[in-house]
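# Remarks on the overall topology
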Amino acid sequence: MMNLLDPHSLLSQLGPWAVLLVMFAETGLLVGFFLPGDSLLFTAGLLTTTGIHLNLPLTLVFAPLGAVIGAQVGYLIGRKFGPAIVERPRLKRAAERAREHLESYGVGRAVVLARFIPGVRTVMNPLAGALRIDAKAFTRWQVAGGVVWTLGLVLAGHLLGSQIPGIDKYLLPIIAVIVIVSLVPVGVELLRQHSRPTA
């Protein structure tokens, strides 16, 4: 039975299509915030060299394609339905962080950096639409961020798998490390907010 939270399970069942679908859902649909984006991309890269032998060229096409289309759909959802979406209780905290990123870094840097922060990358796109961020500027930066994020992690996994024979034996510890590393920005942000002086 396929486990939506297990990258190996998703890739074993769906192959490169898992990468396309998860990237689309995580970046385009607000229900996708729980999906294993970073670990799935890295695991997909590893499995192009071992295990179930994913097709590397297809994975390198599907990963950015899903992320780019997903972000654009998320933006359009935000444009259509506005703040009511990002003010939902379960998403409010991530939406506040995404709004802070937009205000602190500007559209370009915020949209690109959001790709690397779990939760924020899910709400950034509809939030940008709800705030009526210029569509051309958003598209330009979300494409750049989506390509760098997805290809970077897939190629990193592929290179590691190419260098270490039998690395699939250590897949679970590697995924655990990736999950922890992907949560570092969240932890840093929480510490920053905790140390911020209260009014």
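Residues numbered from 1 in each chain as written. Predicted model: local features only at pLDDT ≥ 70, side-chain atom pairs only at ≥ 80, totals over all residues. Heavy atoms only, no water.

### A word on helix H4 (residues 56-81)
We count it as follows: Secondary structure follows DSSP: runs of H or I at least 4 residues long count as helices, runs of E at least 2 residues long count as strands, and numbering of each begins at the N terminus. By this rule, a helix spans an expected 1.5 Å times one less than how many residues it contains. The buried label applies to any residue whose accessible area, calculated with a 1.4 Å probe on protein chains only, is under 20% of its type's maximum; exposed applies above 50%, and partly exposed to all values in between. Contact definition: two residues touch when any of their heavy atoms are within 4.5 Å. We define a polar contact as two N or O atoms separated by no more than 3.5 Å, with the added condition that, inside protein, one atom must be a possible hydrogen donor and the other a possible acceptor, whereas residues neighbouring each other in sequence contribute only through side-chain atom pairs.
Counted at 1.5 Å a residue, the expected span for H4 with its 26 residues is 38 Å, and the 37 Å between its end C-alpha atoms agrees. Among all positions of H4, only Leu56, Thr59, Phe62, Ala63, Pro64, Gly66, Ala67, Gly70, Ala71, Gly74, Tyr75 and Gly78 are buried. Looking at the buried side of H4, the elements it contacts are helix H2 (16-28), helix H3 (37-46), helix H7 (120-130) and helix H8 (135-163). One side-chain oxygen of the residue at the start of H4 lies 2.8 Å from the amide nitrogen of Leu58, identifying that residue as Asn55. Gly82 lies just past H4 and shows a positive phi near 65°.

### Examining unusual backbone geometry
In this structure, Arg132 takes a positive phi of about 60° despite not being glycine. Within the secondary structure layout, Arg132 lies in the loop between H7 and H8. For Arg132, a relative accessible area of 48% translates into the label partly exposed.

### Notes on the nonpolar core
The line we're drawing: Remark: nonpolar core denotes a set of buried residues (Ala, Val, Leu, Ile, Met, Phe, Trp, Tyr, Cys) joined through side-chain atoms within 4.5 Å.
In terms of nonpolar packing, the biggest core is built from 18 residues, with Leu11, Val19, Val22, Met23, Leu40 and Leu41 touching the most fellow members. When residues of this core are traced back to their parent elements, those giving at least two are helix H1 (7-14), H2, H3, H4 and H8. The leading source of residues in this core is H2, at 5 residues. Excluding residues that lie within four positions of it along the chain, Met23 makes contacts with Gly37, Leu40, Leu41, Ala63, Gly66, Ala67, Trp149 and Thr150. Ranked by size, the runner-up nonpolar core spans 7 residues in total, among them Ala114, Ile117, Val120 and Leu127.

### A word on H3
Counting buried positions over the 10 residues of H3 gives 10, a clear majority of the element. Listed in full, the buried residues belonging to H3 are Gly37, Asp38, Ser39, Leu40, Leu41, Phe42, Thr43, Ala44, Gly45 and Leu46.

### Notes on the confidence of the model for the chain
Just so we agree on the cut-off: Known as pLDDT, the predictor's per-residue confidence is scaled from 0 to 100.
Put simply, the chain has an average pLDDT of 79, and 73% of its residues get 70 or more. Across the chain, element-level confidence peaks in H4 with a mean pLDDT of 93 and bottoms out in helix H9 (residues 171-195) with 59.

### Re a nonpolar patch on the surface
Short version of the rule: Residues enter patches when their relative accessible area tops 30% and they take part in no salt bridge; the joining distance is 9 Å for like charges and 5 Å for the nonpolar side chains Val, Leu, Ile, Met, Phe, Trp and Tyr. Note that accessible areas follow from Shrake-Rupley with a 1.4 Å probe, and for residues the cover is restricted to the protein chains shown. In the sections that follow, a salt bridge refers to a side-chain nitrogen of Lys or Arg positioned within 4 Å of a carboxyl oxygen of Asp or Glu.
On the surface, Leu14, Trp17 and Leu21 cluster together into a nonpolar patch covering about 300 Å² of accessible area. Tracing the backbone through its elements, the reader meets Leu21 in helix H2. You can call Leu21 partly exposed: its relative accessible area is 48%.

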